[in-house]
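Structural characterization, general
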Amino acid sequence: MDRARTVSHAEPGSTGKKGAAGLGVLLALLATVVWSGSFVATRGMAETVPPVQAVFWRWIIALLAVAPFAARQAWRQRTLIRRHLGFTALASLFGVTLYNTLVHQAGLTTTASNMGMIMAASPVIMALYARLGGERLGVRRTFGMLLAAFGVLLLVGDGSIGFDFAAGDLWMFAAALSFATYSALLKRKPAELGGLAFLITTFVLGALMLAPAYAVSLHVQGGFETTAGTVGPLLYVGVFSSAAAFFAWNKAVSVIGAARAGVVYYLQPVCVAGLGLLLLGEPTGPAQLLCMALILGGVGLGSARR
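On a predicted model such as this, the values are computed, not experimentally measured, just so you know.

1. Describing a nonpolar patch on the surface
A cluster of nonpolar side chains, contributed by Leu26, Leu29 and Val33, occupies part of the molecular surface with about 250 Å² of accessible area. Summarising the element assignment, Val33 is placed in helix H1 (residues 2-44).

2. Notes on empty space enclosed by the protein
Per the counting criterion, the structure on display carries two cavities of 30 Å³ or more. When its volume is computed, the largest cavity comes out at roughly 130 Å³. Lining of the largest cavity is provided by 13 residues; of these, Trp35, Ser38, Phe39, Arg58 and Tyr99 occupy positions nearest its centre. Among the elements of the structure, H1, helix H4 (85-106) and helix H10 (228-256) are those that each provide at least two residues to the lining of the largest cavity. In terms of residue count, H1 provides more of the lining of the largest cavity than any other element does, four residues in total. Residues of the lining of the largest cavity, tallied by class, amount to seven nonpolar, five polar and one charged. Lining the second largest cavity, in full, are Thr42, Met45, Ala46, Val49, Pro51, Ala54, His104 and Leu108. Residues belonging to the lining of the second largest cavity are distributed by class as follows: six nonpolar, two polar and no charged.

3. Thoughts on the packing of helix H2 (residues 51-76) against H4
Axis separation between H2 and H4 bottoms out at 9 Å; the angle between their running directions is 135°. One finds that H2 runs oblique with respect to H4. Regarding H2 and H4, the two cross each other, and that crossing is right-handed. Between H2, through Pro51, Val52, Ala54, Val55, Arg58 and Trp59, and H4, the contact on the second element is made entirely by Val96, Asn100, Thr101, His104 and Gln105. The residue makeup of the contact of H2 with H4, split by class, is six nonpolar, four polar and one charged.

Calculation criteria
- Residues numbered from 1 in each chain as written.
- Predicted model: local features only at pLDDT ≥ 70, side-chain atom pairs only at ≥ 80, totals over all residues.
- Heavy atoms only, no water.
- Patch = residues over 30% accessible without salt bridge, like charges linked within 9 Å, V, L, I, M, F, W, Y side chains within 5 Å.
- Areas by Shrake-Rupley, 256 points an atom, 1.4 Å probe, with all protein chains shown as cover.
- Salt bridge = Lys/Arg side-chain N within 4 Å of Asp/Glu carboxyl O.
- Helix = DSSP H or I, 4+ residues; strand = E, 2+ residues; numbered from the N terminus.
- 1 Å grid on protein atoms, 1.4 Å probe; cavity = no way out; pocket = protein on both sides within 12 Å on 5 of 7 lines; lining within 4 Å.
- Points joined across faces, edges and corners; volume = space filled by probe spheres on them.
- Nonpolar A, V, L, I, M, F, W, Y, C, P; charged D, E, K, R; others polar.
- Axes fitted to C-alpha atoms, helices over the stretch in contact; angles between N-to-C directions.
- Parallel < 35°, antiparallel > 145°, perpendicular 65-115°, else oblique.
- Left-handed = near helix turned anticlockwise from the far one by under 90°.
- Contact = heavy atoms within 4.5 Å.

Encoded structure:
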């Protein structure tokens, strides 16, 4: 009787955990698809909006979108924010200011599908950071890192292992390095600092860091014309790719953990290639498919714990 009662009480909790895990996977998938679209949007406005100006307005829009939800928590935790301002500023530099500027710069001279596939190798860089921090990688993870790195070299070398890379591919590799650094920093985020408070603070600091470069770009390059072709992509990358996707990703990680959410993130190159083909007419040939398989296979092995 007691055993039956115990089982009956355990079942709802078990069902609840499965439901939460399913929600976490869906949120991670939502963030991944939205971020995939941001590469297409970035590539689409590459010729009309200067990179620094695009990134600056991206975060201003994101800040306005997230403020109604995050401003109250940030105000309550203002003392904590001041205490950890150095850490938050460093995370903002790599995750908001540098990463997105490099992505938009890459969009000038490489395809959206290349951008997505190079970004898929960022977990390999994260694994290197983990190794430098004393974590043992093992044979499988080391082989996976080498395989993914080979795929990236093959991709940016246009089918051959050489150093004649397109400028956009190199900018994108720098972006992947910046994102990996930001992700490594996230592991050190103070637990008492709320997710929304941290998010809006990084948005504010990132926009402030971009302001001088924005002023210089405005003076040298002039502004951009506000049309549907420029405002639409900016609203997408600001509201969806920056505010909504970051919120969904952070929630997914809190529910299912970074490792499981990261597995979903590996679908990004497939999403970017599909969207690039549908929206921009970018072809995906056999060589790109091979590189995609090498990168995804290597990253999958590199993400294994053992």
